[in-house]
Amino acid sequence: MATPAQSLSTALRTLPSRFYSARRLPLFAFRDSQFVVVAKPLACSFGLNRASLIATNLKRFQCKTKSAMAELAAERGKGRVQVFDSEEDLAVSLAKYTADLSHKYANERGAFSVVLSGGSLIKSLRKLVEPPYVDSIEWSKWHVFWVDERVVPKDHEDSNYKLAYDGFLASVPILPGHVYSINEALSAEGAAEDYETCLKHLVTNGVVDSSAKTGFPKFDLMLLGMGPDGHVASLFPGHPLVHESKQWVTFIKDSPKPPPERITFTFPVINSSSNVALVVCGGGKANALQKTLGKDQGSDPLPVGMVKPEGQLAWFLDKEAASKL
């Protein structure tokens, strides 16, 4: 009989990698709480440089001083906020950020646990399948999970697995047994229980770290998107699941966004992560960001405002999404 991990692993075909020309990085850097102008475009490097934060198109923020912008983000405890002139520039920076963490954890732990979400996030990972990253990342060390999934067949257009496979996984040599998809043949409740069993097995085996603080799984990197209503994973505003505090993985049958049946990580798991990147693009998400990162934050936070990892939180925003900050 197959183990829980084996039953959740999906065999992937490794297709030829796609190659594109490298793009330039923005001309503004943020170091030591100050914006500085660099004479030439910042070049990609392979070393982990935690101090390098990118931001562009500061015209929208002329009412604030450069130092005030840095102090604002730190003061609110909302993590590291980066604003890019375009989604293209965001994707370049996100690739370097992900590759640097991959290098760090592959060396330190011998494994890199990565959690994906759906939506536009997968498109923003496209630079990882281009040089230099497609050839330099130790893909054999990657273990890939989903923060939420729709309970539909893997070839269904609503499947987050299909979205990730078509846009990312098919172009990189991650080992088939290191990709953990849900068992969509089960009910939503059964799929959630099965996925949690898989996670507990992998924590026991050391593939996924465990938080000494919370006892929940501690993923190395969680890559999250955000919906226009401020939802993350399948945790929606006003839904009781945002307050789930015991389960690792739970299910929803009445999702306000179709399809209705899904599984999702809970906030205790999300917030036990070593690193969380929130990737948000488009003007349609500006209002939710304003409520979460702006001055007038209410007492009833959106789900995205409940993302508060014990590790590092990094925001990757394009200028349209950040237009109301």
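No experiment lies behind these values; they were computed from the predicted model shown.

Trainee: Any chance you could break down the sheet that holds strand β12 (residues 262-265) for me, citing the residues and the numbers?
Mentor: The three strands lie next to each other as β7-β12-β11, forming an open sheet whose pairing is antiparallel. The open sheet has two free edges, formed respectively by β7 (148-150) and β11 (249-252), since each of these has just one partner strand. Pairs of neighbouring strands in the sheet enclose a mean axial angle of 20°, with direction left out of account. In this sheet, β12 lies alongside β7 in antiparallel orientation, the contact comprising three bridges. Bridge pairing links D148 to T264 in β12. Its contacts with the sheet place helix α6 (residues 188-204) against β11 and β12, and it is angled at close to 165° to β11.

Trainee: I'd like to hear about α6, residue by residue, with values.
Mentor: The terminal C-alpha atoms of α6 lie 25 Å apart, and with 17 residues this matches the ideal 24 Å at 1.5 Å per residue to within 8%. What α6 keeps buried is the set A188, G190, A191, A192, D194, Y195, E196, C198, L199, L202 and V203. Backbone geometry just after α6 places G206 at a positive phi near 85°.

Trainee: Quick rundown of the pairing of strand β5 (residues 112-116)? Include the residues and the values.
Mentor: Judged by how many residues are buried, β5 sits mostly within the fold: five of five residues are covered. Where burial is concerned, the two faces of β5 agree: the one with F112, V114 and L116 and the one with S113 and V115 are both buried. As defined by bridge partners, β5 adjoins strand β6 (residues 142-146) across five bridges and the pair is classed as parallel. Residue pairing across strands places L116 opposite W146, the latter belonging to β6.

Trainee: Explain empty space enclosed by the protein to me, and be specific about the residues and the numbers.
Mentor: Using the criterion set out here, one finds two cavities of 30 Å³ or more in the structure. Considering only enclosed or pocket space, the second largest cavity measures out at about 30 Å³ in volume. Along the walls of the second largest cavity sit E149, V152, P153, K154, S159, Y161, S181, I182 and E184, which together make up its complete lining. Classifying every residue of the lining of the second largest cavity by side-chain character gives four nonpolar, two polar and three charged.

Conventions adopted
Residues numbered from 1 in each chain as written. Predicted model: local features only at pLDDT ≥ 70, side-chain atom pairs only at ≥ 80, totals over all residues. Heavy atoms only, no water. Pairing = 2+ DSSP bridges. Helix = DSSP H or I, 4+ residues; strand = E, 2+ residues; numbered from the N terminus. Axes fitted to C-alpha atoms, helices over the stretch in contact; angles between N-to-C directions. Contact = heavy atoms within 4.5 Å. Expected span 1.5 Å × (residues − 1). Buried < 20%, exposed > 50% of the residue type's maximum accessible area, 1.4 Å probe, protein only. 1 Å grid on protein atoms, 1.4 Å probe; cavity = no way out; pocket = protein on both sides within 12 Å on 5 of 7 lines; lining within 4 Å. Points joined across faces, edges and corners; volume = space filled by probe spheres on them. Nonpolar A, V, L, I, M, F, W, Y, C, P; charged D, E, K, R; others polar.

Worth remembering: the numbers are spatial, not functional.
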